[in-house]
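Fold and geometry: a report
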Amino acid sequence: MQISDWKENHITIKLLNEEFSYIDTLSQKPVILVIHGYGSSSYDFHKVLGDLKESYRVLMPDLIGFGFSSKPKNYYFSIVEQAQILIKLIDTLKIQEFSVICQGFGASVLCEILSLIQIKSVEIEIHKIWFLNLSLSIELSMDIEKQRAIENFITTTFLKISSTFGIYKKYTKDSFFNPDAITEEELKTGWELLNYNNGLKTLDFVKYWIIEINHCTTRWLKVLSETTSTIDIIWGLNDILKDYETPERIQFFLKTTQQMHLIDKCGYFIALEKPKEFMAFILNDELKK
């Protein structure tokens, strides 16, 4: 799928003085919101969009700074602001309840949304949450040295991939267990989306995400421990970070009834590398309702 084909799926509107781009499959089915990670876009889920919309009305935004949305060049669009703009979208579309799939940075944004729900700043209900790789890896790290190693890896990786397509291609392929699971065309589309509207500048702000995590961790973990939403975990076991402990820590920390789906021979980009297995877990949970 080329960038022009992917753009045809998107709607762009003005929200909070930003150009906000998103996919909305517009149906009467239950709503599912898909929040991508840092340095990515909704394109990470292009292989599962068709299957998702069979059971859900799918909202798949490009967060500010990524994809087809606005790409501020001189300031960092914070997690708090990302949460506010998503809530504004949900309010504009008159959606009151939904489920969420989130990954990495997207999980940080979700935690901020849950904080606003808890203090009754917004009246919406989140039924089900699926956490994917890198979600809460820093927040739940019990080892300060390992936490700093993860932070350093994230920061240096994003600064490197913004330099050339060749380096972007290398690091992206390294994020897969099977590097051939992503095609040259998909890599080129991902790179074009990263560059869209001179968006590479966004990656320079990655350190601010780390700062926000460290500042907000206590509040976010408290909110997660008190949420009434059902939380499941889908985790590729062959992530480049070799982060085998986080999914177990999420499950232990939450101490709620939940499923933990560990996928062998799968890296960070689960919905790209193992789309059938990914959808089997999502749709199986839907059938259980």
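A brief look at the structure comes next. The structure displayed is predicted, hence computed values, not measured ones.

Helices and strands together make up the secondary structure of the protein, namely eleven helices and eight strands. Computed over its C-alpha atoms, the radius of gyration of the protein comes to 17 Å, within 12% of the 19 Å expected for a compact globule of 289 residues. With the principal axes as the frame, the protein shows a C-alpha extent of 45 × 45 × 40 Å. With 289 residues in all, the protein has 57% of them scored as buried. In the protein, of all internal contacts separated by at least 6 residues, the share reaching a separation of at least 24 is 78%. Carbon and sulfur atoms provide 52% of the accessible area of the protein, an area that totals close to 12,800 Å². Here the protein contributes 31 positive and 38 negative side-chain charges, whose respective centroids are spaced 1 Å apart.

On to the pattern of salt bridges, then. Enumeration according to the criterion identifies 13 salt bridges in this entry. Here Asp-24 ties to Arg-57 by a salt bridge, and the two come within 2.7 Å at their closest N and O atoms. Here the residue Asp-24 occupies a position in strand S2 (residues 18-24), and Arg-57 occupies one in strand S4 (residues 57-62), the gap between them amounting to 33 residues. In this pair, the class of Asp-24 matches that of Arg-57, namely buried. Among the ionic pairs, Lys-170 bridges to Asp-174, the shortest N-O distance being 2.9 Å. Taken together, the residues Lys-170 and Asp-174, both in helix H6 (residues 165-174) and four residues apart, mark about one turn of the helix. Because the salt bridges share partners, they merge into one network encompassing Lys-146, Glu-245 and Arg-249.

Glancing now at the side chain of Glu-112. Position of Glu-112 among the secondary structure elements: in helix H4 (residues 105-118). Other than its neighbours up to four places away in sequence, Glu-112 contacts Ile-79, Val-80, Ala-83, Arg-219 and Trp-220.

Moving on, we come to the sheet that holds strand S6 (residues 125-132). Strand order across the open sheet formed by eight strands is S1-S2-S4-S3-S5-S6-S7-S8, with mixed pairing between neighbours. Of all the strands in the sheet, the pair left with one neighbour each is strand S1 (11-15) and strand S8 (260-263). Each strand of the sheet is rotated relative to its neighbour by a mean of 25°, with strand direction disregarded. Across four bridges, strand S3 (residues 31-35) lies against strand S5 (residues 97-103) in parallel orientation. Counted as the bridge partner of Leu-33 is Val-100 from S5. Packed on one face of the sheet, helix H9 (residues 246-254) meets S6, strand S7 (230-236) and S8 and runs near 170° to S7.

Another aspect to go through is the pairing of S7. Counted residue by residue, S7 has six buried out of seven residues, so it is predominantly covered. Pairing of S6 with S7 involves four bridges; the strand directions are parallel. Of the residues in S7, the one forming a bridge with Ile-129 is Ile-231. Strand direction decides the pairing type here: S7 and S8, joined by four bridges, are parallel. Opposite Gly-236, over in S8, you have Ile-263 as the bridge partner.

One way to put it is that H6 packs onto helix H7 (residues 184-195) with a least axis distance of 10 Å and a crossing angle of 120°. Judged by the sense of rotation from one axis to the other, the crossing of H6 with H7 is right-handed. In this structure, H6 contributes Phe-165, Tyr-168, Lys-169, Thr-172 and Lys-173 to the contact, and H7 contributes Glu-184, Leu-187, Lys-188, Gly-190, Trp-191 and Leu-194. Partitioned by chemical class, the residues of the contact of H6 with H7 number five nonpolar, two polar and four charged.

Reading the values: rules and limits
- Residues numbered from 1 in each chain as written.
- Predicted model: local features only at pLDDT ≥ 70, side-chain atom pairs only at ≥ 80, totals over all residues.
- Heavy atoms only, no water.
- Helix = DSSP H or I, 4+ residues; strand = E, 2+ residues; numbered from the N terminus.
- Rg over C-alpha atoms; globule rule 2.2 N^0.38 Å.
- Buried < 20%, exposed > 50% of the residue type's maximum accessible area, 1.4 Å probe, protein only.
- Contact = heavy atoms within 4.5 Å.
- Areas by Shrake-Rupley, 256 points an atom, 1.4 Å probe, with all protein chains shown as cover.
- Lys, Arg positive; Asp, Glu negative; His and termini not counted.
- Charge placed at Lys NZ, Arg CZ, Asp CG, Glu CD.
- Salt bridge = Lys/Arg side-chain N within 4 Å of Asp/Glu carboxyl O.
- Pairing = 2+ DSSP bridges.
- Axes fitted to C-alpha atoms, helices over the stretch in contact; angles between N-to-C directions.
- Left-handed = near helix turned anticlockwise from the far one by under 90°.
- Nonpolar A, V, L, I, M, F, W, Y, C, P; charged D, E, K, R; others polar.

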